[in-house]
Amino acid sequence: MSPAADAATRTARRSTRFVAWVRAWRAGLVPFDELADEIAADEEHLVADAPGTWTDVPLPQGLPIFAKLHPDEIRLVLPVPGDPRGLPGPGDLTGAALLAGEAVMTPSFGVVPEVRRHTSGSGVEFSTVLWRVHEAPEHRQVFQMGAAEAEAQLTTALGEATARLTRLDVAQWKPELAGALQALRRPESAETLPPGFDPRSRRLFARASVLDQVLALAETSAPGGAVNGYEAQQRDEALRPLTAACRQALVAACNSPLRP
């Protein structure tokens with residue numbers, strides 16, 4: 001895999017880690033003291049509009065809003081325009097979640113990440129993640145695909161997409177994408193789930209986390225205008241089912257039942 005592709009496959013969606021670790025905490029499998037560090041990694045994370053607060057608060061001060069929830073009431077949602085599954089009806093929460101492409105949902109509220117990028121006086125770029133809380137009274141969770149079905153769907157979609165991209169000779173105009181897709185046959189990912197998730201969910205999460213970043217790479221334009229409008233359309237059509245399968249895989253892995 002090229003350096004560009006490798007760099008693009010290192011960061012998972014922030015809501016996946018948030019949901020997985022908060023659910024593990026609520027299941028009694030990880031201590032609260034470790035929670036914020038596991039979610040934030042090396043970024044600054046804040047919580048906005050949490051009940052009982054009047055300003056943005058550090059992540060550890062915002063997480064107690066989940067303290068009375070059962071792990072199965074905390075769900076990952078990865079919506080896109082045309083597929084808002086897991087979200088309530090029209091409103092601020094749904095609009096923010098669709099814009100971010102991710103959210104954390106519970107029966108009474110949702111939390112959506114907003115990424116704010118900054119540049120220090122010395123030119124160093126860094127990000128602050130603001131988790132904004134939105135009310136969602138009496139929100140009903142929807143049926144979701146299980147990990148086994150999601151894994152099978154992802155495998156099928158990956159094979160079909162790879163075959164189509166090979167026929168399109170994608171390696172000629174975006175070699176890093178072709179190389180990245182081939183590398184997914186035996187993915188190596190540092191992304192993992194906390195204690196309590198079964199081996200299938202862990203395997204599915206690792207694979208889908210890498211693929212999610214490869215697909216983000218695929219959305220960028222080829223250098224030098226190497227891709228014309230028709231080629232870009234063919235690429236998008238080849239990747240659309242794979243993108244949907246990847247989102248379903250991440251949701252199924254992070255929302256899967258926990259075991260002591």
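What this report covers is the structure whose coordinates are included nearby. It should be emphasised that the depicted structure is a prediction, and the values quoted were computed from it without experimental measurement. (Residues numbered from 1 in each chain as written. Predicted model: local features only at pLDDT ≥ 70, side-chain atom pairs only at ≥ 80, totals over all residues. Heavy atoms only, no water.)

### Notes on unusual backbone geometry
Phase 1: Its identity is not glycine, yet Ala 41 carries a phi of approximately 55°, on the positive side.
Phase 2: Inspection of the secondary structure assignment puts Ala 41 in the loop between helix H3 (32-40) and strand E1 (44-48).
Phase 3: Residue class for Ala 41 comes out exposed when judged on its relative accessible area of 57%.
Phase 4: Backbone geometry at Asp 49 places phi at a positive 65°, although glycine is not the residue there.
Phase 5: Here Asp 49 is to be found in the loop between E1 and strand E2 (57-58). (Helix = DSSP H or I, 4+ residues; strand = E, 2+ residues; numbered from the N terminus. Buried < 20%, exposed > 50% of the residue type's maximum accessible area, 1.4 Å probe, protein only.)

### So, the sheet that holds strand E3 (residues 75-77)
Phase 1: Strands sit in the order E2-E1-E6-E5-E4-E3 across an open sheet of six strands; the sheet is mixed. Edge positions in the sheet fall to E2 and E3, since each of these pairs with one other strand and no more.
Phase 2: Pairing analysis gives three bridges linking E3 to strand E4 (residues 103-105), with the strands arranged antiparallel. In the strand pairing of E4, Leu 76 is matched with Val 104.
Phase 3: Contacting E3, E4, strand E5 (109-119) and strand E6 (125-135), helix H2 (residues 14-26) crosses the sheet at an angle of about 170° to E3. (Pairing = 2+ DSSP bridges. Contact = heavy atoms within 4.5 Å. Axes fitted to C-alpha atoms, helices over the stretch in contact; angles between N-to-C directions.)

By themselves these figures say nothing about function.
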